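# Report on the structure
Residues per chain are reported as follows:
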Amino acid sequence: MKILSVTPDNRRRRFEVRTRRHSLVFPYAKADPAPSARNGVTEAFVDRELGREAFTYRLASGDEGSVHLDAVLEYNEDPSYMADLALYRLSQEARQRFERSGLSAREVARSLGTSPTQLYRLLDPTNYTKSVRQLVALLYLLGCDVDVEVKERRRRAAS
């Protein structure tokens, strides 16, 4: 996903970020360095050097900061991004446990009834097309019980 535009709003103390699918906000307080009343944002632009997946801003002092789209999506609790983040964390856990297990890829793949190539796809945290069922089976094979907990989210204060 690419950022189409970013607009600083010094009155509301936030950046307004637009993508093809979303219009999102990101508060100044979450940025580093954080803009302040005395050191406001003088310029913000979509950063081509960061693949249009981040924006860069300049403060009155001359300091610069960049914010990646992932931080904006996480702050706004985008459902698709949050699902990918959960899958990423589960994949990271599986990868770490596989590396510590001492088991060979062929042995684990055979036990799962899959190929070593598919096993490596399961272990790749950047692959979001994998089956959660297979990932849970892998973790079980590695000696883990996986419990899915559904709970109410705490709502953040409106910005």
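Read on for a plain summary of the structure. (Residues numbered from 1 in each chain as written. Predicted model: local features only at pLDDT ≥ 70, side-chain atom pairs only at ≥ 80, totals over all residues. Heavy atoms only, no water.)

Of the regular secondary structure elements, the chain holds five helices and six strands. Taken from the N to the C terminus, the helices and strands of the chain come in the order β-β-β-β-β-β-α-α-α-α-α. What you see for the chain is a C-alpha radius of gyration of 21 Å, clearly larger than the 15 Å of a compact globule of 159 residues, by over 25%. Projected onto the principal axes, the alpha-carbon positions of the chain cover approximately 60 × 35 × 30 Å. Within the chain, the fraction of its 159 residues that count as buried is 34%. For the chain, long-range pairs separated by at least 24 residues make up 44% of all intrachain contacts whose partners lie at least 6 apart in sequence. Counting every atom, the chain has about 10500 Å² of accessible surface; 46% of that belongs to carbon and sulfur. Averaging the locations of the 27 positively and 22 negatively charged side chains of the chain gives two centres separated by 3 Å. (Helix = DSSP H or I, 4+ residues; strand = E, 2+ residues; numbered from the N terminus. Rg over C-alpha atoms; globule rule 2.2 N^0.38 Å. Buried < 20%, exposed > 50% of the residue type's maximum accessible area, 1.4 Å probe, protein only. Contact = heavy atoms within 4.5 Å. Areas by Shrake-Rupley, 256 points an atom, 1.4 Å probe, with all protein chains shown as cover. Lys, Arg positive; Asp, Glu negative; His and termini not counted. Charge placed at Lys NZ, Arg CZ, Asp CG, Glu CD.)

The subject of this paragraph is the nonpolar core. With 21 residues, the main nonpolar core has Phe15, Phe55, Tyr57 and Val72 as its most contacted residues. Of all the secondary structure elements, the ones that give two or more residues to this core are β1 (3-9), β2 (14-19), β3 (23-27), β4 (41-46), β5 (54-59), α1 (69-75) and α2 (79-101). Counting residues per element, this core draws most heavily on α1, which supplies four residues. Setting aside anything within four residues of it in sequence, one finds Phe55 in contact with Ile3, Val6, Phe15, Val17, Phe45, Val46, Asp47, Gly65, Ser66, Val67 and Val72. The next biggest cluster of nonpolar side chains, apart from the first, holds 14 residues, and it includes Leu87, Ala94, Leu122 and Leu135. (Core = buried A, V, L, I, M, F, W, Y, C linked by side-chain atoms within 4.5 Å.)

The next point concerns the side chain of His22. When you line up the elements, His22 lands in the loop between β2 and β3. A polar atom in the side chain of His22 sits 3.4 Å from the side chain of Asp78. Not counting chain neighbours up to four residues away, the residues in contact with His22 comprise Met1, Val17, Leu73 and Asp78. (Polar contact = N/O pair within 3.5 Å; in protein donor to acceptor, adjacent residues only side chain to side chain.)

Once that is clear, we can look at the packing of aromatic side chains. Using the criterion set out here, one finds four aromatic pairs in the structure. Ring centres 4.8 Å apart and planes at 55° place the aromatic pair Phe15 and Phe55 in the tilted group. With Phe15 in strand β2 and Phe55 in strand β5, this pair connects stretches of sequence that are 40 residues apart. No difference in accessibility class separates Phe15 from Phe55, as the two residues are buried. (Phe/Tyr/Trp six-rings, centres within 6.5 Å; stacked < 30°, edge-to-face > 60°.)

All right, on to the pattern of salt bridges then. Evaluated as defined, the whole model comprises six salt bridges. The partner of Arg95 in a salt bridge is Glu99, and the shortest N-O contact between them spans 3.9 Å. Within this pair, Arg95 and its partner Glu99 are both found in helix α2, separated by four residues, close to a single helical turn. Note on Glu99: relative accessible area 57%, which makes it exposed. A single network of salt bridges, built from pairs that share partners, joins Glu43, Arg58 and Glu64. (Salt bridge = Lys/Arg side-chain N within 4 Å of Asp/Glu carboxyl O.)

For the rest of this paragraph, the subject is the sheet that holds β3. Ordered in space as β1-β2-β3, the three strands form an open sheet in which the pairing is antiparallel. Edge positions in the open sheet fall to β1 and β3, since each of these has one partner strand only. Taking each pair of neighbouring strands and ignoring which way they run, the sheet shows an average axis angle of 20°. In the sheet, β1 pairs with β2 via six bridges, with the strands oriented antiparallel. Looking at the pairing, Val6 lines up with Val17 of β2. (Pairing = 2+ DSSP bridges. Axes fitted to C-alpha atoms, helices over the stretch in contact; angles between N-to-C directions.)

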